[in-house]
Amino acid sequence: MKKKYKILLIILFIFCLIPIPTFYKDGGTVTYSAIFYKIIKWDQLDGKQGTEFHIFPTNFHSLDYYDKMN
């Protein structure tokens, strides 16, 4: 029985690492969001470019929050 729980926990952990991409129409910004992290690849028309990495628990904010942060 313990082996089944360990396998289930490993599967859930791996599932939490799979990112979901979101594309924005602001020039090409893409976010890759998973439960434990968020990667933002900035490419805005106003000139903001670069990559940011945010880990849990600061990865649940909207894109506007991160845009105003910098």
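Just so we're clear, the structure is a prediction, and the values are computed from it rather than from any experiment. Residue numbers here run from 1 along each chain, matching the order of that chain's written sequence. Under the rules for a predicted model, residues below a pLDDT of 70 receive no local features and side-chain atom pairs below 80 are neither given nor counted, while totals for whole chains, interfaces and linings still include all residues. Only hydrogens and water are removed before side-chain values are computed, so all heavy atoms of the structure are retained for them.

1. Points about the overall build of the chain
Counting its regular elements, the chain contains 2 helices and 4 strands. Helix and strand labels come from DSSP, where a helix needs a run of H or I of at least four residues and a strand needs a run of E of at least two; each type is numbered from the N terminus. Reading the chain from its N terminus to its C terminus gives the helix and strand order α-β-β-β-β-α. Against the 2.2 N^0.38 benchmark of 11 Å for 70 residues, the chain shows a C-alpha radius of gyration of 16 Å, more extended than a compact globule. In terms of overall dimensions, the chain has a C-alpha envelope of 55 × 20 × 15 Å along the principal axes. A total of 70 residues make up the chain; the buried ones form 23% of that total. What makes two residues a contact is simply this: any of their non-hydrogen atoms within 4.5 Å. Taking the contacts inside the chain whose residues are at least 6 apart along the sequence as the reference set, 10% of them involve residues at least 24 apart. Here, Shrake-Rupley sampling with a 1.4 Å probe gives the accessible areas, and only protein chains in the shown set may cover a residue. Of the roughly 5600 Å² of accessible surface on the chain, 69% is carried by carbon and sulfur atoms. When we talk radius of gyration, it's over C-alpha atoms, and the globule rule is simply 2.2 Å times the number of residues to the 0.38. Residue exposure (1.4 Å probe, protein chains only): buried if accessible area is under 20% of the type maximum, exposed if over 50%, otherwise partly exposed.

2. Observations regarding the sheet that holds strand β2 (residues 30-33)
Hydrogen bonding along the main chain pairs the strands of a sheet, whether they run parallel or antiparallel. When DSSP finds two or more bridges between a pair of strands, those strands are recorded as paired. Strand order across the open sheet formed by 4 strands is β1-β2-β3-β4, with antiparallel pairing between neighbours. With partners counted over all chains shown, the strands left at the sheet margins are β1 (20-23) and β4 (49-55), one partner each. Within this sheet the neighbouring strands show an average axis-to-axis angle of 15°, counted without direction. Inspection of the sheet shows strand β3 (residues 37-43) paired to β4 by 7 bridges, in the antiparallel sense. Its bridge partner lying in β4, Trp42 is registered against Gly50. Think of each axis as a best-fit line through the C-alpha atoms, taken over the contacting stretch in the case of a helix, with angles from 0 to 180 degrees between the N-to-C directions.

3. Digging into the side chain of Thr31
Tracing the backbone shows Thr31 in strand β2. If near-sequence neighbours (up to four positions away) are discounted, Thr31 is found in contact with Ile20, Pro21, Thr22, Tyr24, Ile39, Ile40 and Leu63.

4. Considering the pattern of salt bridges
A side chain with one charge can pair with a side chain of the opposite charge if their charged atoms come near. Think of a salt bridge as a Lys or Arg side-chain nitrogen and an Asp or Glu carboxyl oxygen that are within 4 Å of each other. Counted by the stated rule, this structure contains 1 salt bridge. Between Asp67 and Lys48 there is a salt bridge, with its nearest N and O atoms 3.5 Å apart. Of the two residues, Asp67 sits in helix α2 (residues 63-69) while Lys48 sits in the loop between β3 and β4, which places them 19 residues apart along the sequence.

5. Comments concerning the packing of aromatic side chains
A pair of Phe, Tyr and Trp rings is counted when the ring centres sit within 6.5 Å of each other, with Trp represented by its six-membered ring. The angle between the planes then sorts it: under 30 degrees is stacked, over 60 is edge-to-face, the rest tilted. Evaluation of the coordinates by the stated rule reveals 4 aromatic pairs. Measuring from centroid to centroid gives 5.7 Å for Phe13 and Phe36, while their planes differ by 40°, and the two rings are tilted. Within this pair, whereas Phe13 is found in helix α1 (residues 2-16), its partner Phe36 is found in the loop between β2 and β3, the two being separated by 23 residues in sequence. Accessibility expressed as a relative area gives 31% for Phe36, which makes it partly exposed. With 5.5 Å between their ring centres and 75° between their planes, Tyr65 and Tyr66 make a pair best called edge-to-face. Overall, the relative accessible area of 40% leaves Tyr65 in the partly exposed class. In this structure Tyr66 comes out as buried when scored by relative accessible area, which is 1%.

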